[in-house]
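Next come the chains, spelled out residue by residue.
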Amino acid sequence: MYGSYTGRSRDVARGRDRTHARTRTHARTRTHARTRDRNRNRIRAFSAAGVLLSCVVLSGCFGTSKEDSDHASVAGEPKQRPKSTIPYWVNPDGSAARQVAAYRKKGADSEARLIQKIAEQPVAEWLGVDDPEGQARGFTAAADHVNRDSLLVFYNIPHRDCGQYSKGGAADGNAYRTWLDRVIRGIGDRRTTVILEPDALPHVVDGCTPKRYLEERYDLLTGAVDKLKGLPHTKVYLDAGNPRWIKDPRRMVEPLKRAGIRKADGFALNTSNYQTTQENRAYGKRLSALIGGKPFVIDTSRNGNGPAPGKNDPQAWCNPKGRALGETPTVATGDKAVDAYLWIKRPGESDGTCKGGPTAGRWWPRYALDLARNVGRADREARKDRKEHKDSKSQSPGVGSRPAQGG
């Protein structure tokens, strides 16, 4: 199990028939199910990048699907973030942006303001299996058109997620290599950062992936790193789990080395999980010191309140209540070991059919609202408690006075 991977998809669509495809792909909360590969990865890419750009970026021509009837199409919103803060592309027609438009249309302004907290940030796009070249070209071209980098997640390794919520992936090694080659062609020379195969290495370490598949997995990962680093403007970070999954970072060293960490730009932590930034930073530094000082990125998309309390819920990673958005994406981390805080997991998409959630990867407005509403709540409650404590002390006998003694 991953602590909380959510195989999600990007609610980005492109197609002449104006279908709004959902390529959900987010790992750890075991979300990318095979049925989603077939039924929901319906992103249609234009054959010409120029046509795609005019549709995706300029006119907002993504329509709404029957599955997302509560969404409204959005054109040109939200604005891109300053490059000095975060260089990645904000998708103007993602699930959150469309939800904002839908709320505004209904006059639900307070809800719209909450979801805007998600819509205005760059989040990763998880590539699906349908037309991977078109998807990669579309996302990277749209980002490049507004002078931004694209942030992509590859989540298609064979025997993915040990048959859990996000089971699936390529049928075999050759199928994965074919898929990878198509994605590589789609990226081309555009500036791109790739989070490579969430769960793949931690599942090797925890023994979930059968030993007979390990050599193939290492070969596929090293091959992917080699090909990605062969592109002129692509960075790649190998996924390395989170501090509560593989608790001893020494156990991740050999798998990372065998997967090509030497050529990679670094590693990624906390993908689709809820562990605190502080804990991830400490863990990452320990791991970095063991692999030549490689830097890392942290998924802060939903870790604002840390993980769910208690140890009795075996699915504490799946749609836990009371969680909050974490630090907004930035490269200004104040720590040279941490390249960026990223929103790799798409906030507001379900981890799976647990705790009342819809199918893994589906946009879930109620959960999105909770994540946004809970931002800073823990701090506010702590301040309230301190104030009440201070007030209660001020109402008690003052310093130097003595309470009356019972007679």
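Residues numbered from 1 in each chain as written. Predicted model: local features only at pLDDT ≥ 70, side-chain atom pairs only at ≥ 80, totals over all residues. Heavy atoms only, no water.

Secondary structure summary: the chain contains 12 helices and 8 strands in total. Out of the 407 residues in the chain, the part that is buried amounts to 56%. Sequence-distant contacts in the chain: of pairs separated by 6 or more residues, those separated by 24 or more amount to 73%. (Helix = DSSP H or I, 4+ residues; strand = E, 2+ residues; numbered from the N terminus. Buried < 20%, exposed > 50% of the residue type's maximum accessible area, 1.4 Å probe, protein only. Contact = heavy atoms within 4.5 Å.)

A few words now on the sheet that holds strand E4 (residues 192-196). Taking strand neighbours across the sheet as the criterion, the 7 strands line up as E2-E3-E4-E5-E6-E7-E8 in an open arrangement whose pairing is parallel. Here the strands that pair on one side only, and so sit at the sheet edges, are strand E2 (125-126) and strand E8 (338-342). In this structure, E2 lies alongside strand E3 (residues 150-154), joined through 2 bridges in parallel fashion. Bridge pairing links Trp126 to Val153 in E3. The strands touched by helix H5 (residues 132-145) within the sheet are E2, E3 and E4, with E3 carrying the most contacts at an inclination of about 160°. (Pairing = 2+ DSSP bridges. Axes fitted to C-alpha atoms, helices over the stretch in contact; angles between N-to-C directions.)

This part is about the packing of aromatic side chains. For any pair of aromatic rings, the description consists of the separation of the ring centres together with the inter-plane angle of the planes. Summed over the entire model, instances satisfying the criterion amount to 6 aromatic pairs. Residues Trp89 and Phe139 carry aromatic rings whose centres are separated by 6.4 Å and whose planes lie at 50° to one another, so their mutual orientation is tilted. Taken together, the positions of Trp89 in the loop between helix H2 (49-59) and helix H3 (95-106) and Phe139 in helix H5 put the pair 50 residues apart, joining distant regions of the chain. On the accessibility criterion, Trp89 (5% relative accessible area) is buried. Overall, Phe139 belongs to the buried group, its relative accessible area being 1%. The interplanar angle of 20° and the centroid separation of 5.2 Å between the aromatic rings of Phe267 and Phe296 together place this pair among those described as stacked. Of this pair, Phe267 sits in strand E6 (residues 266-269) while Phe296 sits in strand E7 (residues 296-299), and the two are 29 residues apart along the sequence. Both residues of the pair, Phe267 and Phe296, belong to the buried class. Pairwise contacts between aromatic rings join Phe154, Tyr176 and Trp179 into one cluster. One Lys or Arg, Arg160, reaches over the ring of Tyr155 and ends 4.6 Å from the middle of that ring. (Phe/Tyr/Trp six-rings, centres within 6.5 Å; stacked < 30°, edge-to-face > 60°. Lys NZ or Arg CZ within 6 Å of the ring centre and 35° of its normal.)

Turning next to empty space enclosed by the protein. Taken as a whole, this structure holds 1 cavity of 30 Å³ or more when the rule is applied. Counted as a void, the largest cavity has a volume near 140 Å³. Around the largest cavity sit 14 residues that line it, and Gly94, Ser95, Ala96, Val123 and Arg346 are the ones nearest its centre. Put simply, the parts of the chain that give the lining of the largest cavity at least two residues each are H3 and helix H4 (109-119). The dominant element in the lining of the largest cavity, judged by the number of residues it contributes, is H3, at 3 residues. Split into classes, the residues belonging to the lining of the largest cavity amount to 8 nonpolar, 4 polar and 2 charged. (1 Å grid on protein atoms, 1.4 Å probe; cavity = no way out; pocket = protein on both sides within 12 Å on 5 of 7 lines; lining within 4 Å. Points joined across faces, edges and corners; volume = space filled by probe spheres on them. Nonpolar A, V, L, I, M, F, W, Y, C, P; charged D, E, K, R; others polar.)

Let us now look at the pairing of strand E5 (residues 234-239). Two faces make up the sheet, and in a regular strand the side chains alternate between them. When you tally the buried positions in E5, you get 5 out of 6 residues, the bulk of the element. Pairing geometry for E4 and E5, over 5 bridges, is parallel. Bridge pairing in E5 links Thr193 to Lys235. Pairing of E5 with E6, which is carried by 3 bridges, proceeds in the parallel orientation. Residue pairing in the sheet places Leu238 in a bridge with Phe267 of E6. Note that the unit made of E5, helix H9 (residues 250-258) and E6 has a crossover that is right-handed. (Right-handed = clockwise from strand over helix to strand, strands pointing away.)

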